[in-house]
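Examination of the molecular architecture
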Amino acid sequence: MTARASGSDAIVVGAGIVGASCAAALSRDGWRVTVLDRAFASAGTTSVGMGHVVVMDDSPEQLALTAYSARLWRELRPQLTKRSEYDACGTLWIAENAEQLAALEGKRATYASANVRAEVIDSRALRDAEPGLRTDLLGALLVPDDAVIYPPGATLDLLDLVKQNGGAVRDGADVRAIVDHGVVVGSETLRADVVVNAAGAAAPALTPGLPIVPRKGHLAITDRYPDMCRHQIVELGYLTSAHAMTSESVAFNVQPRSTGQILIGSSRELVGWDASLNRALLQQMLKRAADLMPALRDTSIIRVWTGFRPATPDKLPLIGAWEQSAGLWVAGGHEGLGITLSLATAQLIADQIAGRKPVIDPSPFSPMRVLLQIPVEAHS
Amino acid sequence: MTLRRFDIMVNGKPVSVRSGSTVAAALLSADQSTFRQSVAGELRGPVCGMGICYECRVTINDVAQQRACLRVVESGMRVETGAAGA
Amino acid sequence: MRSENKLTCDVAIIGAGPAGIAAACRAAEAGRTVVVLDEGLGPGGQIWRPKLGGLQPKIARRWIERLHATRAVIRESTSVYDSARDASGEFVLRAESAGSALSVRASKVILATGARERFLPFPGWTLPNVVGIGGAQALLKTGMDVSGRRVVIAGSGPLLLPVAASLASAGAKLSLVAEQAPSAKVRRFATSLWRRPRTLVQAATLRSAFLRTRYAMGTWVTSASGDEAVRSVTVTNGQTSQALECDLLCVAFGLVPNLQIARLIGCEVVNGVVKVNAEQETTVANMYCAGEPTGVGGVDLALVEGEIAGIAAVGLSIPQGLAAMRTAFERDMKALDVAFALRPEVTALAQPDTIVCRCEDVRLRDFNPAWTSRQAKLYTRAGMGPCQARICGAALECMMGWSPDSVRPPVEPARLDAFLSDHQVTSTAS
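Calculation criteria
- Residues numbered from 1 in each chain as written.
- Chains lettered and ligands numbered in written order.
- Predicted model: local features only at pLDDT ≥ 70, side-chain atom pairs only at ≥ 80, totals over all residues.
- Heavy atoms only, no water.
- Helix = DSSP H or I, 4+ residues; strand = E, 2+ residues; numbered from the N terminus.
- Rg over C-alpha atoms; globule rule 2.2 N^0.38 Å.
- Buried < 20%, exposed > 50% of the residue type's maximum accessible area, 1.4 Å probe, protein only.
- Contact = heavy atoms within 4.5 Å.
- Areas by Shrake-Rupley, 256 points an atom, 1.4 Å probe, with all protein chains shown as cover.
- Lys, Arg positive; Asp, Glu negative; His and termini not counted.
- Charge placed at Lys NZ, Arg CZ, Asp CG, Glu CD.
- Expected span 1.5 Å × (residues − 1).
- Axes fitted to C-alpha atoms, helices over the stretch in contact; angles between N-to-C directions.
- Parallel < 35°, antiparallel > 145°, perpendicular 65-115°, else oblique.
- Left-handed = near helix turned anticlockwise from the far one by under 90°.
- Nonpolar A, V, L, I, M, F, W, Y, C, P; charged D, E, K, R; others polar.
- Polar contact = N/O pair within 3.5 Å; in protein donor to acceptor, adjacent residues only side chain to side chain.
- Buried area = accessible area lost by both parts, 1.4 Å probe.
- Salt bridge = Lys/Arg side-chain N within 4 Å of Asp/Glu carboxyl O.

1. A word on the overall build of chain B
From N to C terminus, chain B includes 1 helix and 7 strands. Helices (α) and strands (β) of chain B occur, in sequence order from the N terminus, as β-β-α-β-β-β-β-β. A compact globule built from 86 residues would reach a C-alpha radius of gyration of about 12 Å, and chain B, at 12 Å, matches this within 12%. Overall, chain B is about 40 × 25 × 20 Å in size when its C-alpha atoms are taken along their principal axes. Counting only residues that meet the buried cut, chain B has 53% of its 86 residues in that class. Long-range contacts, defined as pairs at least 24 residues apart, comprise 37% of the intrachain contacts of chain B with a sequence gap of at least 6. Of the accessible surface of chain B, which amounts to about 3,400 Å², a share of 48% is contributed by carbon and sulfur atoms. The centroid of the 10 positive side-chain charges in chain B is displaced by 4 Å from the centroid of its 7 negative side-chain charges.

2. What to know about helix H5 (residues 151-164) of chain A
Across its 14 residues, H5 of chain A extends 20 Å between first and last C-alpha, which sits within 8% of the 20 Å expected from 1.5 Å per residue. Burial analysis of H5 of chain A places 11 of its 14 residues in the buried class, which makes it a mostly covered element. On its buried face, H5 of chain A sits against helix H1 (17-28), strand S2 (32-36), helix H2 (60-76), strand S8 (168-170) and helix H9 (338-354) of chain A together with helix H10 (373-380) of chain C. Just downstream of H5 of chain A, Gly-166 of chain A is the residue with a positive phi angle, here 90°.

3. Quick notes on unusual backbone geometry
For the peptide bond that leads from Gly-265 of chain A to Ser-266 of chain A, omega is 5°, which places it in the cis range. Checked against the element boundaries, Ser-266 of chain A lands in strand S16 (residues 261-269). In this structure, the amide linkage connecting Pro-409 of chain C to the following residue, Pro-410 of chain C, adopts the cis form with an omega of -5°. Locating Pro-410 of chain C in the fold gives a position in the loop between helix H11 (392-400) and strand S22 (414-415). Phi is positive for Asn-115 of chain A, which is not a glycine, with a value near 60°.

4. Observations regarding the packing of H1 of chain A against H5 of chain A
Residue and element names in this part refer to chain A. The interhelical angle for the contact between H1 and H5, taken along N-to-C directions, is 25°, at an axis separation of 8 Å. Considering their axes alone, H1 and H5 lie roughly parallel with respect to each other. For the pair H1 and H5, the sense of crossing is left-handed. The segment H1 lies against H5, with Ile-17, Ala-20, Ser-21, Ala-23, Ala-24 and Ser-27 engaging Pro-151, Ala-154, Thr-155, Leu-158, Leu-159, Leu-161 and Val-162. When its residues are assigned to classes, the contact of H1 with H5 shows 10 nonpolar, 3 polar and no charged.

5. Thoughts on the side chain of Glu-269 of chain A
Residues and elements named next belong to chain A. In this fold, Glu-269 is placed in strand S16. Engagement of the side chain of Glu-269 in a polar contact is seen with the side chain of Asn-278, the distance being 3.2 Å. Beyond its immediate chain neighbours, meaning those up to four positions away, Glu-269 contacts Pro-214, Arg-215, Lys-216, His-218, Ser-247, Glu-248, Asn-278 and Leu-281.

6. Here we look at the interface of chain B and chain C
Interfaces are frequently sized by the accessible area removed from exposure as the parts join. Each side of the interface is counted separately: chain B has 39 residues, and chain C has 40 residues. Interface area, chain B with chain C, both sides summed: about 3,100 Å², of which 57% is carbon and sulfur. Broken down residue by residue, the surface that chain B buries against chain C is led by Val-47, Met-50 and Ile-52 of chain B, which jointly contribute 20%. Put simply, chain B and chain C have 5 salt bridges between them. Of the charged contacts, one joins Arg-67 of chain B and Glu-39 of chain C as a salt bridge, the two residues approaching to 3.1 Å between their closest N and O atoms. If you look at where chain B meets chain C, you find 14 residue pairs in polar contact (both at pLDDT 80 or more). For the side of chain B that touches chain C, the elements supplying multiple residues, two or more each, are helix H1 (23-29), strand S4 (43-44) and strand S6 (63-67) of chain B. At 5 residues, S6 of chain B tops the list of elements feeding residues into the side of chain B that touches chain C. Taken together, the residues of the side of chain B that touches chain C break down into 19 nonpolar, 13 polar and 7 charged.

So, in structure tokens, the structure goes:
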């Protein structure tokens, strides 16, 4: 795509954190951006997730992308307001057994290869860092520059940047179809040089063929217990849970909020769009949490909710041009990393549109990889 | 009818309470009007008296976030109020 | 939870105020097994709460003695936080009780969850020693010493007078009782009481109990001030304002039905009350509702509705006399609503920096009235605290027209440990 003149139009479908990030990046490049959301900003997955900015090493591509995006978050931080609740609390990846303990050094080296600071700490240091954890844990990898944010707040901050750059946000705009260089909203067809499908778990409805399915999760939040949890804490088995496309799984992941509340996750299941509470799975998730962090047993749970992650079969997001439709770019399929990856996603797309060389290789995330492979079976 | 009085510990100091009182009523009677601090650090005390508003939360015998209006005072009870952030 | 309790019964009743007590008596006397779950310290709810070292009103004692004479199991200090139906259609209630988890399986459930006070924000309302009216009554009865306190009572509704009388006889120095409703409306309501002589006598007794206290209608509090607690309040009648010394301000604006469990289970709610038929059955089969959640109408109505629900839940037919009493008391309920309707001024007292959501310290200026209720919640976190929007939700409904969000369990905060006890039910739709 050629560099375009200032004042040209871009439409972003979806005002979640990914859409807002794309809109912000494009507006910074001089595009006149309109963001369309069928409900309101952050109404979808953005409002129900964990808000972590976390570097993940489940694949070299994911490591590069999350590390890049986490850096972009740190660079954006001065422009965020209080409502984003950006807190650089760091992440602790905890080792429960000898095998996991042995893997920590390799993980540290992997992070180091991506210029991400990480440090292996022993069981005593872990007990000092997080006294609420089970005291027989063997150690952890501390990634001090990871952070947590409040996604709806950050989304609004990003959309403010869009508006400052002359862009607009329309709530209640239900995009019915994406066409060549345009979208259909109600009876209107809006034309644009660039259209970004950032419609989250609903993206395939607008771009058939995108292999994104909803992967449901549960979360719980406690009352305020100042200082009970100082870091984001994740069990090493989290990556196994995130990867396995089995029917149900839980993996321990907690996060502090500045009020002292603790956000507890996580669970995964494939049940279509059924948002109802799965009490049995919730119980499993909370049991795992109490097992690894006994201090949580006596905490008061004040809210529980569910949400849908947009999941792809190869665990990598879809970021790039979708050549089946003129002017269409896809920014989706982030599974549980939408918050982390929103900024890098936006930058990769903006760079490619502008003809700039992206900081990292975007080809592993190209949506076109989908069309070059054997069709993936539909998930139940 | 005279009710038995005994002491409970409030923030490390003994406070005389009437048997059968709730912790909330006992603290208010002892001129302890601050029970906790809000998210932004404002002083707060009981409002609804019936377990709805959660403004009377205190720590009782080391267990935090308990509604004082729903707990009856007991001999040996230790109450902590107003911890910053809670 | 150190131990878990599992109970099974024919009829489970949530709430042991007048409606729940009446329902339990009727159901248990018909030979069914009954379990009553109540969050408070003992049966009676708010209106029949016993005074420390004192007695409940005679009518309360009679009903509670009648309840104790049955074989109904009463669990106090018990909060129901979840309810679901299992494959056989039975209800399973999950509750937490003083450190233990409790589950109750029942074929029928009667909701008698009562009402809470409506609080409307104004400058200074979050100061310590600013309490509700029912709140003041509850604190007084559970042992609060008010002797010598300079008290102002304000807000709206028939609770103002009885609570004023209680505080006055407990030694409080009452300087003002301020009812926001205009005098014409209140007087019309008072004269309608002639139809029920008992209430008239009560009203006369109350009035004489504090003749020296000014009872001003068409008057409301506009602000409270103080440093660590309230020290003075400002009241107005719309024309002139006055500052009063005050170290205990009791202020609330009527009652709001507690609908959380009803909505969780899927009972239809119309105009803010649970829809029930002549048998007090909700739109969910085998779930009944009695008392304030079907319409705030006071003790007499709650008792009759409770009796009807208890009778209906055990499959008996409703005596004509009870149904007639219900009709009569429902008329009074409508009169209440008319008399004590909230004037617009009291829903607009908050200043931009006045806290609206107390749990999350969200101020009026943080809200955009153009938002939907869900946007307001997500963008400000109002309603995401432990009170689960029971306080700010009722206020925002008056102030912005925002209706409450959908209800999920836990409908009351519950210890994580409680969730870990044996689970018996799959999440089937009702």
